[in-house]
Amino acid sequence: MLNVMLEMAGVVSVFPSRKGTLHTTRSWDFMGFTSDVERSSVESDIIIGVIDTGIWPESESFNDQGFGPPPAKWKGYCDTSNNFTCNKADGNVTANGIASPRDSSGHGTHTASTAAGGAVIDASFLGLGQGTARGGVPSARIATYKVCWTDSCYAADVLAAFDAAISDGVDIISISIGGYSPLYFENPIAIGAFHAMKHGILTSNSAGNRGPTLYTMTHFSPWVLSVAASSIDRKFITEVKLGNGMIVQGISLNTFDPLNQTYPLIYGGDAPNPLSDYNSRYCEGDSLDATLVEGKIVICDALITGEAPFVSGAAGVIMQGLDSLDQPISHPLPASYLRVEDGTRVLSYARNLTRYYYYAETFCYVDNCYQLLF
């Protein structure tokens, strides 16, 4: 059947519909694109096609007060809900998916608002990063094409969305999805973007979530604009203060107030759950013995969500590793992620208190080598 299809007129390539994966208030100012730059009325006629997880229309970023009807060039059909119009691309809706353009994960809402979200004053994450959140072109129009469901983003849906966006009359396509084959004839984004280019439509896609090492880009076809992530001129610092007065700085989106209380430290590797198959030094799964870690701050040798220490009753978690300190995440309990050299100092302090035997092992990452204590 495959060979028959390949010989059919108009068929360029045939490949499996593989799954792809989804790749701030300060970003535009950091890039020098401030809110007071000179604007043009033509911006309101620009239609940005966002191929992603859908959109959350009630978000203040998409308040359409003051907007007129869509530009005359718009040929798409719309589902209307709560005074908000959006385009829909049907796809492989999974059992837990929402068969509508409504966003069920937040990723599509994030990417759409980054491109063309309106100004939202005093936006923050529970008080962190407070400022005005806005998109690059707040007056542009957004056409949403939902291709990502609860089990990833199928290539067939991505190609269907490109076809729909081209037919609908968008001016530019934004897509932040990866995980497909690097071969042009088997990559739905490369293929879709090529057809968009033939119709005068630029595709802007994410370079990927990997890095900062070499050869980590996932999209590099010459007819697309691949946009890489960057560090920024702010960090979300969470300090760790030890009983001897030493303070080390880590990162996390920490919204907890420790109320000036102190808690005992314990290394995850010293609190294994004898019934678990996981290594407790990484504090994952059911690896921790709750009776040993309850009410204590657990030291872990990996950047984790914090779910396992939280479920085990830990008071907090200190993580160490070789990952970059440029991307803080939120955790369900007080947490801080440290550079490996600082984490080693904290572990050494904890071991001196408990007098556990430990040994050192050297790890190298890019051009830097570190010692971890176990």
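Each remark here, short or long, concerns the structure printed above.
Throughout what follows, the structure given in this document is the object of discussion. (Residues numbered from 1 in each chain as written. Predicted model: local features only at pLDDT ≥ 70, side-chain atom pairs only at ≥ 80, totals over all residues. Heavy atoms only, no water.)

1. Topic: the overall build of the chain
Each helix and strand in the chain was counted, giving eight helices and 21 strands. Considering the chain as a whole, with its 374 residues, one finds that 42% of them fall into the buried category. Of the roughly 20,300 Å² of accessible surface on the chain, a fraction of 55% belongs to carbon and sulfur atoms. (Helix = DSSP H or I, 4+ residues; strand = E, 2+ residues; numbered from the N terminus. Buried < 20%, exposed > 50% of the residue type's maximum accessible area, 1.4 Å probe, protein only. Areas by Shrake-Rupley, 256 points an atom, 1.4 Å probe, with all protein chains shown as cover.)

2. What about the packing of aromatic side chains?
Enumeration according to the criterion identifies two aromatic pairs in this entry. Counting every residue linked through ring pairs, the aromatic cluster contains Tyr184, Phe194 and Trp223. The aromatic ring of Trp56 is capped on one face by Arg102, whose charged end is 4.3 Å from the ring centroid. (Phe/Tyr/Trp six-rings, centres within 6.5 Å; stacked < 30°, edge-to-face > 60°. Lys NZ or Arg CZ within 6 Å of the ring centre and 35° of its normal.)

3. Quick notes on the environment of Ala207
Along the chain, the position of Ala207 falls in the loop between strand S12 (202-206) and strand S13 (225-227). It is 8.9 Å that separates the C-alpha atoms of Ala207 and Leu225, two residues lying 18 residues apart in sequence. Ala207 has contacts with Thr216, Met217, Thr218, His219, Val227 and Ala228, leaving out every residue within four places of it along the chain. (Contact = heavy atoms within 4.5 Å.)

4. Things to note about the sheet that holds strand S7 (residues 141-146)
The strand order across the open sheet formed by five strands is S7-S2-S10-S12-S13, and the pairing between neighbours is parallel. The open sheet has two edge strands with one neighbour each: S7 and S13. Across the sheet, the axes of successive neighbouring strands diverge by a mean angle of 20 degrees, strand direction being ignored. Relative to the sheet, helix H3 (residues 107-116) contacts strand S2 (47-52) and S7, its axis offset from that of S2 by approximately 155 degrees. (Pairing = 2+ DSSP bridges. Axes fitted to C-alpha atoms, helices over the stretch in contact; angles between N-to-C directions.)

5. Remarks on unusual backbone geometry
Residues other than glycine seldom take positive phi values, yet Cys283 does so here, at roughly 55 degrees. The class of Cys283 is buried, set by a relative accessible area of 2%.

6. What about a nonpolar patch on the surface?
A grouping of Tyr184, Phe185, Met217 and Phe220 is seen on the molecular surface, where their side chains present a nonpolar patch of about 420 Å² in accessible area. Here Met217 lies in the loop between S12 and S13. (Patch = residues over 30% accessible without salt bridge, like charges linked within 9 Å, V, L, I, M, F, W, Y side chains within 5 Å. Salt bridge = Lys/Arg side-chain N within 4 Å of Asp/Glu carboxyl O.)

7. Let's talk about the state of the cysteines
This model, assessed by the stated rule, comprises two disulfides. Disulfide partner of Cys283: Cys300, at an S-S distance of 2.1 Å. Residues Cys283 and Cys300 are joined by a disulfide whose S-S torsion is about -95 degrees; by sign, that bridge is left-handed. With Cys283 in the loop between strand S16 (265-267) and helix H6 (290-293) and Cys300 in strand S17 (residues 297-300), this pair connects stretches of sequence that are 17 residues apart. Neither Cys283 nor Cys300 differs from the other in exposure class; each is buried. (Disulfide = S-S within 2.5 Å.)

8. Description of the pattern of salt bridges
Two side chains that carry opposite charge are able to pair once their charged atoms sit near each other. With the rule as written, the count across this model stands at six salt bridges. Across the pair Arg39 and Glu43 runs a salt bridge, and its minimum N-O distance is 3.5 Å. The closest approach of N and O atoms between Arg102 and Glu58, which form a salt bridge, is 3.0 Å. On the criterion of sequence distance, the pair formed by Arg102 in the loop between strand S4 (84-86) and H3 and Glu58 in the loop between S2 and strand S3 (79-81) is long-range, its members being 44 residues apart. Look at Arg102 and you get partly exposed, because its relative accessible area is 22%. Overall, Glu58 belongs to the partly exposed group, its relative accessible area being 39%.

9. Quick look at H3
Of all the ten residues making up H3, eight are buried; the element is thus mostly covered by neighbouring parts of the structure. All of the buried residues in H3 are His107, Gly108, Thr109, Thr111, Ala112, Ser113, Ala115 and Ala116.

10. A short note on the side chain of Arg141
Within the secondary structure, Arg141 is located in strand S7. There is no salt bridge for the buried Arg141, and the closest opposite charge comes from Asp45, which lies 5.3 Å off by N-O distance. A distance of 3.2 Å separates the side chain of Arg141 from the backbone oxygen of Pro69, its partner in a polar contact. Filtering out sequence-adjacent residues up to four positions away, Arg141 remains in contact with Ser44, Ile46, Ile47, Ile48, Phe67, Gly68, Pro69, Pro70 and Pro71. (Lys, Arg positive; Asp, Glu negative; His and termini not counted. Polar contact = N/O pair within 3.5 Å; in protein donor to acceptor, adjacent residues only side chain to side chain.)

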